[in-house]
Amino acid sequence: MAQRDGNEFMPQYAYDPRLIKVEDTYYIIWCQDFYGAAIGVAKTQDFETFTRIENPFLPFNRNAVLFPRKVNGKYMMLSRPSDSGHTPFGDIFLSESADMVYWGRHRHVMGKGSEWWQNVKIGGGAAPIETSEGWLLFYHGVTGTCNGYVYSIGGAILDIDEPSVVKYRCDTFLLTPEEWYEERGFVPNVTFPCATIHDAKSGRIAIYYGAADTYVALAFTKVDELVAYIKEHSVTTAADVECGRK
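Being a predicted model, the structure only gives us computed values, none of them experimental. (Residues numbered from 1 in each chain as written. Predicted model: local features only at pLDDT ≥ 70, side-chain atom pairs only at ≥ 80, totals over all residues. Heavy atoms only, no water.)

Caption draft 1: Representation of the overall build of the chain in the model. A tally of helices and strands in the chain yields three helices and 16 strands. Over its C-alpha trace the chain gives a radius of gyration of 17 Å, about what one expects of a compact globule, namely 18 Å for 246 residues. Judged by the C-alpha coordinates and their principal axes, the chain covers about 50 × 40 × 40 Å. Expressed as a percentage of its 246 residues, the buried residues of the chain come to 49%. (Helix = DSSP H or I, 4+ residues; strand = E, 2+ residues; numbered from the N terminus. Rg over C-alpha atoms; globule rule 2.2 N^0.38 Å. Buried < 20%, exposed > 50% of the residue type's maximum accessible area, 1.4 Å probe, protein only.)

Printed below as a string of structure tokens:
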């Protein structure tokens, strides 16, 4: 992988990668070590040559998710500022950029919930899906138990033009560790949304999610059914529905 100056570059380590296509370019976003947990970005158009882009944010930050198209002419990215450890806190924020290099206009999107499954921290997951109701977001919610953290998958719908505004937020989890491959593994009790494939014609969504940090699992749903479920079970706070400038 090359840097903008042409020199070869390989991160010391990289994990939690996400691949998102915006217009004619594929962007790869990952978490890396940049004097602490930080977000790395690279781009490609042919999957033969990859060019690294400047880190979008200072450490400590993780769970970066790029929107699949520009909003109001700007790239949009979700992230979760954190600390240097296995963060016992975390809210989702939105940032925008005109060129994928300089990021600003940071906005708070939503914080942890009062429901048991997301009462410690939350973070992004798969790239948002554009629907007639807004941006459909799969995110992860974390709770703490005497046996460690438990990661569940939640759902929300963000405003199509102002994605820092949460229109609907499901108070129940969509998936939580129940199967053996979700409960037992390198990191037990984890269901973590990583990517989706959406068939616009049928409305079917395939959700690829990490299970216990050991397996890649797959679940299916439909846009209309899921949007209706989120709206029916929606509970939002004042911090969710305001534009995040506070």
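Caption draft 2: Region of interest: the sheet that holds strand E15 (residues 204-211). Overall, antiparallel pairing links the three strands, which are arranged E14-E15-E16 in an open sheet. Of all strands in the sheet, those bounded by a partner on one side alone are strand E14 (191-198) and strand E16 (215-222). Direction aside, the axes of adjacent strands within the sheet are offset by 25° on average. Direction of pairing for E14 relative to E15: antiparallel, over a ladder of seven bridges. From the neighbouring strand, Thr-196 faces E15, where its bridge partner is Ile-207. Packing against the sheet, helix H2 (residues 223-232) makes contact with E14, E15 and E16, and its axis sits at approximately 85° to E16. (Pairing = 2+ DSSP bridges. Axes fitted to C-alpha atoms, helices over the stretch in contact; angles between N-to-C directions. Contact = heavy atoms within 4.5 Å.)

Caption draft 3: Representation of the sheet that holds strand E1 (residues 14-22) in the model. Taken in spatial order, the four strands of this open sheet run E1-E2-E3-E4, and their pairing is antiparallel. The open sheet has two edge strands, E1 and strand E4 (51-53), and neither has a second partner. Adjacent strand axes in the sheet meet at a mean angle of 30°, parallel and antiparallel pairs treated alike.

Caption draft 4: The arrangement of the pattern of salt bridges in detail. Considering all chains together, one arrives at seven salt bridges under this definition. For the salt bridge of Arg-62 with Asp-16, the shortest nitrogen-to-oxygen distance reads 3.8 Å. Separated by 46 residues along the polypeptide, Arg-62 in strand E5 (residues 61-66) and Asp-16 in strand E1 bring together distant segments of the chain. By relative accessible area, Asp-16 is classed as partly exposed at 32%. Salt bridges linked by common partners bring Lys-74, Glu-96 and Arg-105 together as one network. (Salt bridge = Lys/Arg side-chain N within 4 Å of Asp/Glu carboxyl O.)

Caption draft 5: Examining the nonpolar core more closely. Counting residues in hydrophobic clusters, the biggest one holds 17 residues, and the most contacted among them are Phe-67, Leu-78, Ile-92, Val-109, Met-110, Tyr-139 and Leu-158. Residue assignment for this core shows that the elements contributing at least two residues are strand E6 (75-81), strand E7 (92-97), strand E8 (104-110), strand E11 (134-145) and strand E12 (148-158). Top element by residues in this core is E11. It accounts for three residues. If near-sequence neighbours (up to four positions away) are discounted, Ile-92 is found in contact with Leu-78, Ser-79, His-108, Val-109, Met-110, Ile-122, Gly-123, Gly-124 and Tyr-139. Counting 16 residues, the second-largest nonpolar core is a separate cluster that includes Ile-153, Cys-170, Ile-207 and Val-227. (Core = buried A, V, L, I, M, F, W, Y, C linked by side-chain atoms within 4.5 Å.)

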